[in-house]
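Listed below, chain by chain, are the residues.
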Amino acid sequence: MQKLKRKNGDDNTSPLKKKKVQFSEPTKDGKGKNNENNKPFKKGDLKNKEINKPFKKGDLKNNENNKPFKKGDLKNGKKFSKPGFKGKAGCTKNTKLSSKDGKDEKPKWSEMKKEKKNLRLERRKAKSTAEIFEISNKAKLLAAQIQRKVIKPDFRSSACKELHALIKGQYKAIALTHDLSRVIQVLLKHSSDEIKHEITEELMDIMATMMQSKYAHHSVKRILKYGTDAIRHQVIKKLLGNIVSLASHSISAPVLDYAYGEFASKKEKMHMQQEFYGEMYKNTKDDRVKTLSDTYKDSPEMKAAILQSCKANIQRILDKNLHDSELLHSVLYDYIRECSKEDQTELISSLSPLIVPLSNSLPGVNVASLCVWQGTNKDKKTILKVVKEHVVPLSKHKTGYRLLIVIFDSVDDTVLVKKAIVSTLVSNLKDIARDHWGKMTLHWLVKPKDSAAFHPTFIKFLEEGLKTGTSKKDTEIRVSELRELILPAIKSDIENDPEFWLKDKATLLLTIAVLSIDHSKKALEELAKVICKVDWTITNNDNSILAIEDAGMHMCLKKLAALDKDAEESLGNVICDNIEDETLKMWLATNRGCFFIVKLIENNGESTSKKWIKKLKPHSKLLKAQSSEGAKILLQSL
């Protein structure tokens, strides 16, 4: 297209140009002048007319009294006030809303809340049809009634049936919503097994999707918790094929671990683990594959591919910090025993900071033990640094205490172990000794591998791990160095509070272990005073019984009496000096009491035996009147 030139007008005027601002000189008629003297304007010419001085701070006055201007002085002749609540303009903090009649009234918050509630309901009605809105509203009202604690069982049962009939066939549609999913949870908790079964059957197809939903995963948890065994196994079976994806999702991982740890059978656990070994086990399961090594037993050439696939699945979960899972711990324990040395070193390095959550399950604490045994000195220092902050909870945990025992048994740097762990145990001695697993932790420090307290399989597990580990220090030296700190603390506490250390058979076993290492006369005297009390009782299954009559305490007392064989100070001698006739009569009237006295006589020398015979002769008639085996044996010794 040809460009057209712009034509000038008939007056041949040039185009408009941008005007420049110019300061003109003063003219003859006086325009443009600054003042009466016709001088050009200069800086400083503007003066205060009255005082003919330059303007200074404070020249402006507020009123006739020549007071300086203050904040708030100007507002229609009134001071400014602080703004009040967010409402109408001009309302201040102390202002009340005025009605048409001129009377002041406060805002009615209850009415405002009702208006907001009605507005929300209107919005919901606008979003959904009238029928769906009425159903959902009625369902929520029924659910609220069912949840009440004061409701009668018959009414709750009928309300559950009514609610189920109302939303039956629509569970899939409402399961993923945030409000109506709670209605499902109420039904799963309070309804009958028949209704629970119908709900589960309807939701079974979307079970994996519900597991990953922010709201619906609670319903899956309710199905597992309140459902029958048949329903639980149906749900677990439906999850198979999606195990790895569910285990690597932040919402579904805890629910999956709950199903695995609490309800899955041994076979179902095995099938769930198999999905980590490779894609070939995603849809098909093999009952012969119980561990990772079984997958390539018949075809060794598959080992590298299977290990690589397993490693990728483990890393996928570890990258998302979902490491506190018993299912993952089981797979980890399989993998770490079968992988190459390089992969094992790399895995131990990445697992060392996660050693505490690993110890929450039995397979997990086995992995943690391998990390301690096979780890470098740097890894062990990292482990001790992490464990230092969780010593007391770990010592009282049903599997965590095993990690502490492994550290005591294999870490050569005893100075660091005492500083990081043993010192904390000493400062919380009573608290830890009250717990069953805490007593096991203390017992290992005092007397390791004591068959009276530890199972042979656990001792064997530790011995095999120590052989494959990197520890070089002699075991006896390590034990004696750790014992230096804990033994005097327990011994001192026995002397100060003997009743605590005789309160049950597990605590008495620890007391026996301490006295077998350090036989203190003062400790024996304090213990004897408690044993010789007439009212020495213990609590067993919420029942208070005589300690001398309890089977467990009787066994421990005989072990305590057996320590007199190799000791300079004997328990038998101290008890003989402290026992009173009333207590002695009570012991002689019981079978176990007689057997305990027999043990005290047998394990002591002639001098102590003679003292006991002299003490017992006045009560020979009482002994002859008894028909128990213990009384007969005691009479023979007399």
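Our structure's up above, just so we're on the same page.
This one's a predicted model, so the numbers in the text were calculated from it and none came from an experiment.

Draft legend 1. Quick peek at the overall build of the chain. Counting its secondary structure elements, the chain contains 34 helices and four strands. A buried classification covers 41% of the 638 residues belonging to the chain. Put simply, of all contacts in the chain between residues at least 6 apart along the chain, 66% involve residues at least 24 apart. About 39,000 Å² of surface is accessible on the chain, with carbon and sulfur atoms providing 50% of the total.

Draft legend 2. Quick look at the pattern of salt bridges. Considering all chains together, one arrives at 25 salt bridges under this definition. The shortest N-O distance in the salt bridge between lysine 297 and aspartate 294 comes to 3.3 Å. Within this structure, Lys172, Asp205 and Lys238 form a network of salt bridges that share partners.

Draft legend 3. Region of interest: unusual backbone geometry. The phi dihedral of asparagine 321 is positive, around 60 degrees, even though this residue is not glycine. As for its position among the elements, asparagine 321 is in the loop between helix H13 (303–318) and helix H14 (326–338). Using a relative accessible area of 55% as the deciding quantity, one classes asparagine 321 as exposed. With a phi close to 60 degrees, lysine 449 is a non-glycine residue in the positive phi region.

Draft legend 4. The packing of aromatic side chains, seen in detail. Across all of its chains, the model carries nine aromatic pairs by this definition. Taken together, the ring pairs connect Tyr401, Trp437, Trp444, Phe454 and Phe458 into an aromatic cluster. Cation over ring: lysine 221 sits above tyrosine 258, and NZ or CZ is 5.8 Å from the ring centre. The cationic tip of arginine 337 hangs over the ring face of tyrosine 333; the distance from NZ or CZ to the ring centre is 4.0 Å.

Draft legend 5. Main features of the nonpolar core. Grouped together as the largest cluster of nonpolar side chains are 167 residues, with contacts concentrated most on Val387, Ile407, Phe408, Ile421 and Ile575. If we ignore the near neighbours within four places in the chain, the residues touching valine 387 are Ile355, Leu394, Leu403, Leu404, Ile407 and Ile421.

Draft legend 6. Broad picture of a positive patch on the surface. The grouping of Lys113, Lys116, Lys117, Arg120 and Arg123 at the surface amounts to a positive patch. Tracing the chain through its elements places lysine 113 in helix H1 (residues 109–127). With relative accessibility at 61%, the residue lysine 113 sits in the exposed group.

Draft legend 7. Region of the structure containing the packing of helix H18 (residues 377–387) against helix H20 (residues 400–410). The contact between H18 and H20 brings their axes to 12 Å, and the two run at 135 degrees. The angle between H18 and H20 places the two elements in the oblique class. The handedness of the crossing between H18 and H20 comes out as left-handed. Seen from H18, the contacting residues are Lys380, Ile383, Leu384 and Val387; seen from H20, they are Leu403, Leu404, Ile407 and Ser410. Across the contact of H18 with H20, the residue classes break down as six nonpolar, one polar and one charged.

Draft legend 8. Representation of empty space enclosed by the protein within the structure. Tallied over the entire structure, the rule returns two cavities of 30 Å³ or more. Along its surface, the largest cavity is lined by Phe408, Asp409, Trp444, Leu445, Pro448, Val479 and Leu482. Put simply, the parts of the chain that give the lining of the largest cavity at least two residues each are H20, helix H23 (436–446) and helix H25 (475–496). Looking at the lining of the largest cavity, its residues break down into six nonpolar, no polar and one charged. Of the voids in this model, the second largest cavity is the one considered here, and its volume is about 40 Å³. Every residue along the wall of the second largest cavity is listed here: Ile531, Lys533, Trp536, Leu546, Ala547, Ile548, Met586 and Trp587. Along the lines of polarity and charge, the residues of the lining of the second largest cavity split into seven nonpolar, no polar and one charged.

Draft legend 9. Structural view of the pairing of strand S4 (residues 543–546). Pairing geometry for strand S3 (residues 537–540) and S4, over four bridges, is antiparallel. Within S4, the residue paired with asparagine 540 across the bridge is asparagine 543. Hairpin connection from S3 to S4: two residues lie between these consecutive antiparallel strands, with asparagine 541 at a positive phi of about 55 degrees.

Draft legend 10. Focus on the packing of H25 against helix H26 (residues 505–517). With their axes 10 Å apart at the nearest point, H25 and H26 run at an angle of 115 degrees to one another. Regarding the angle of H25 to H26, the classification is roughly perpendicular. Considering the relative orientation of H25 and H26, their crossing is left-handed. On H26, the residues that touch Arg483, Leu487, Ile490, Lys491 and Ile494 of H25 are Thr511, Val514 and Ile517. Its residues assigned to classes, the contact of H25 with H26 shows five nonpolar, one polar and two charged.

Draft legend 11. Structural context of the environment of threonine 424. In this structure, threonine 424 sits in helix H21 (residues 414–427). Counting along the chain gives 32 residues from threonine 424 to valine 392, while the straight-line C-alpha distance between them is 7.5 Å. Look past the residues within four positions of threonine 424 in its chain and what remains in contact with it is Val391 and Val392.

Draft legend 12. A look at helix H28 (residues 551–562). Its 12 residues place the ends of H28 17 Å apart at the C-alpha level, agreeing with the 16 Å of an ideal helix rising 1.5 Å per residue. Among all positions of H28, only Gly552, Met553, His554, Cys556, Leu557, Leu560 and Ala561 are buried. Packing partners of the buried residues in H28 comprise H26, helix H27 (521–531), S3, helix H29 (571–578) and helix H31 (591–602). Capping of H28 at its N-terminal end is provided by aspartate 550; its side-chain oxygen lies 3.2 Å from the backbone amide nitrogen of glycine 552.

Draft legend 13. Region of interest: the environment of leucine 623. The residue leucine 623 is located in helix H33 (residues 620–624) in this model. In this structure the C-alpha to C-alpha distance between leucine 623 and alanine 589, which are 34 residues apart in sequence, comes to 7.6 Å. For leucine 623, the residues in contact, after removing those within four places along its chain, are Leu588, Cys594, Ala631, Leu634, Leu635 and Leu638.

Draft legend 14. Representation of the environment of glutamine 170 in the model. For glutamine 170, the position within the fold is in the loop between helix H3 (153–167) and helix H4 (171–174). Measuring from C-alpha to C-alpha, the distance between glutamine 170 and isoleucine 199 comes to 9.9 Å, with 29 residues separating the pair along the chain.

The rules behind the values
Residues numbered from 1 in each chain as written. Predicted model: local features only at pLDDT ≥ 70, side-chain atom pairs only at ≥ 80, totals over all residues. Heavy atoms only, no water. Helix = DSSP H or I, 4+ residues; strand = E, 2+ residues; numbered from the N terminus. Buried < 20%, exposed > 50% of the residue type's maximum accessible area, 1.4 Å probe, protein only. Contact = heavy atoms within 4.5 Å. Areas by Shrake-Rupley, 256 points an atom, 1.4 Å probe, with all protein chains shown as cover. Salt bridge = Lys/Arg side-chain N within 4 Å of Asp/Glu carboxyl O. Phe/Tyr/Trp six-rings, centres within 6.5 Å; stacked < 30°, edge-to-face > 60°. Lys NZ or Arg CZ within 6 Å of the ring centre and 35° of its normal. Core = buried A, V, L, I, M, F, W, Y, C linked by side-chain atoms within 4.5 Å. Patch = residues over 30% accessible without salt bridge, like charges linked within 9 Å, V, L, I, M, F, W, Y side chains within 5 Å. Lys, Arg positive; Asp, Glu negative; His and termini not counted. Charge placed at Lys NZ, Arg CZ, Asp CG, Glu CD. Axes fitted to C-alpha atoms, helices over the stretch in contact; angles between N-to-C directions. Parallel < 35°, antiparallel > 145°, perpendicular 65-115°, else oblique. Left-handed = near helix turned anticlockwise from the far one by under 90°. Nonpolar A, V, L, I, M, F, W, Y, C, P; charged D, E, K, R; others polar. 1 Å grid on protein atoms, 1.4 Å probe; cavity = no way out; pocket = protein on both sides within 12 Å on 5 of 7 lines; lining within 4 Å. Points joined across faces, edges and corners; volume = space filled by probe spheres on them. Pairing = 2+ DSSP bridges. Expected span 1.5 Å × (residues − 1). Polar contact = N/O pair within 3.5 Å; in protein donor to acceptor, adjacent residues only side chain to side chain.

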